[in-house]
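# Remarks on the overall topology
In case you want the letters, here they are:
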Amino acid sequence: MNADGWKHAAKGSTAPVVWVVLGALSLSVSATLIALAGTSSVTTAFYRCSLALVMLLPLLVREVRRHGLPDRRFVVMALLGGAFLGADYLLWNVSIGDVGPGIATVLVNMQIVLFPVVVRVITGTPLARRFVVAIPVLLVAVMLAGGVVGPAPGGAAPLRGTLLALAAALGYSGYLYFTRDCGVRSPEYLVAPVFLATFAAAAMAAITGLFTSGIEVDLPPRTWVCLVLVALFGQAVGWLLVGAALPRLAPALSSTLLLLQPIGAVLIGIIWLGDVPTPLQSAGCAIVLATVWVLTAGSARSKRGKGPESGSGGDLARDAERAVAATKP
C-alpha cells in the first residue's frame, strides 16, 4: 500500500496503533539478530543498509512516480542525516557485544536528552527545564544499566559499551537534526527519506570498511539469514511502519507504545541469548525508560499548551517521539 493509501486506511481506525506496535516490535529484534550474526560492526552496518535498499527500491519507484522527485533540500538533509545514522550504527553494533543487545538498545534512548542538547549547541535554542533536570538522573541510570557500577554484568566491556552506546545516541541525534524537516516540508514522502538515509548510512559503512577491517563477503548461511532479517525488520519494515504511524497518533500514546522497542529488546535478549541483566542493570533500565516516557509526555503537553506557533516546543515533541523509536535502529 502506498503512503496515500495508508493515510486513507488510518482515518477513523486503530490502524496507526497497530502499525506503531508492529514497528516497535520489529525494531526490537535488531540487536539480538546483530549479536547472532556475529560479524564485524562495519560488515553488519553495510549489509543491514544495502540489503534494505534492495527491499525499499520498488516502493521508492512507486512513490516517485506518484509524487515526483523531492526537492534538493529534502535530499541533502536526508543524506546528511543518513551519514550520522551510519555512524550511529557503527558505534552501536560494537556496544551490543560489550553490554548485550537489550542494554545497548535501552542506552541509545539517551538520544531523547542528547537531541535537545545538540539543538542547543548548534542553534542556541534554550533547553526545557525538564531536560536539564533529567540529565543527572539519566547519567546515574545509564551507569547502572550499563553495568559501570555494581556487580560485574555479563557483557564483555561494560564501560566501553556504555560510552559507545551514548556516542551512538549522539550520532542518532545528528540524524534527527538534519532530517527533522523532511516530514514537515514534504509529508507525502514516506519511503524517500528512509531510502536516502539508508543509502547514506550504507555509504558511510562502506567508506569506513575501506580504511579499517573491510567488509566480509564469505559468510555462513546463518549469518546471511540474520543480516537479511535485520535489513527487513530492523530497517525497512520497522522504519516504514513507525514513520507512517507517528503523525497519526497523539504524542503521549505514541511515546508509550514506542517503549515496546527497548523493552522488547531486553526480553528477546533474555529469551534467545540468555542475556539476563543484573538487578542493578534492571533498575537502571527502568529509570531510563521511565524518564524517557516522562520527557516525551512532557513535550507533548508543552506542544498542546503552546499551540502551533510555539516555536521549538512542537518540533521537540515530534523529535522526542522519533528519538524513542531509535532504528537500532
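Here's what I pulled together on the structure shown here. (Residues numbered from 1 in each chain as written. Predicted model: local features only at pLDDT ≥ 70, side-chain atom pairs only at ≥ 80, totals over all residues. Heavy atoms only, no water.)

## Digging into a nonpolar patch on the surface
A cluster of nonpolar side chains, namely I263, L267, I270, I271, W272, L273 and V276, defines an oily patch on the protein surface of about 670 Å² accessible area. Mapping I270 onto the fold places it in helix α14 (residues 260-273). (Patch = residues over 30% accessible without salt bridge, like charges linked within 9 Å, V, L, I, M, F, W, Y side chains within 5 Å. Areas by Shrake-Rupley, 256 points an atom, 1.4 Å probe, with all protein chains shown as cover. Salt bridge = Lys/Arg side-chain N within 4 Å of Asp/Glu carboxyl O. Helix = DSSP H or I, 4+ residues; strand = E, 2+ residues; numbered from the N terminus.)

## Focus on the nonpolar core
L56, Y89 and Y175 are the most contacted members of the largest nonpolar core, which totals 45 residues. Those elements that provide at least two residues to this core are α2 (15-28), α4 (41-67), α5 (72-99), α7 (111-123), α9 (158-179), α11 (191-211), α12 (221-245) and α13 (251-258). Counting residues in each nonpolar core, the second largest holds 33 residues, with V29, A145, A169 and V288 among its members. (Core = buried A, V, L, I, M, F, W, Y, C linked by side-chain atoms within 4.5 Å. Buried < 20%, exposed > 50% of the residue type's maximum accessible area, 1.4 Å probe, protein only.)

## Notes on the side chain of T291
As for its position among the elements, T291 is in helix α15 (residues 279-306). Among the residues examined, T291 registers a relative accessible area of 13% and is labelled buried. Within the structure, the side chain of T291 is placed 2.7 Å from the backbone oxygen of I287, a separation counted as a polar contact. When sequence neighbours within four positions are dropped, the list of residues in contact with T291 reads A134, V137 and L138. (Polar contact = N/O pair within 3.5 Å; in protein donor to acceptor, adjacent residues only side chain to side chain. Contact = heavy atoms within 4.5 Å.)

## Topic: the packing of α11 against α12
Two numbers describe how α11 lies on α12: the axes approach to 10 Å, and their chain directions differ by 145°. The hand of the α11/α12 crossing is right-handed. For the pair formed by α11 and α12, the contact residues are V191, V194 and T198 on the first element and Q235, W239 and L240 on the second. (Axes fitted to C-alpha atoms, helices over the stretch in contact; angles between N-to-C directions. Left-handed = near helix turned anticlockwise from the far one by under 90°.)

## As for the packing of aromatic side chains
All told, the structure shown has five aromatic pairs when counted by the stated rule. A centroid spacing of 5.4 Å and a plane angle of 25° characterise the contact between F84 and F178, whose relative ring orientation is stacked. Taken together, the residues span a long stretch of sequence, with F84 in helix α5 and F178 in helix α9 at a distance of 94 residues. Judged by centre distance (5.1 Å) and plane angle (35°), the ring pair of Y172 and Y175 falls under tilted. With Y172 and Y175 both in helix α9 and three residues apart, this pair spans about one turn of that helix. (Phe/Tyr/Trp six-rings, centres within 6.5 Å; stacked < 30°, edge-to-face > 60°.)

## Topic: the pattern of salt bridges
Tallied over the entire structure, the rule returns one salt bridge. With a closest N to O distance of 2.7 Å, D98 and R160 form a salt bridge. Taken together, the residues span a long stretch of sequence, with D98 in helix α5 and R160 in helix α9 at a distance of 62 residues.

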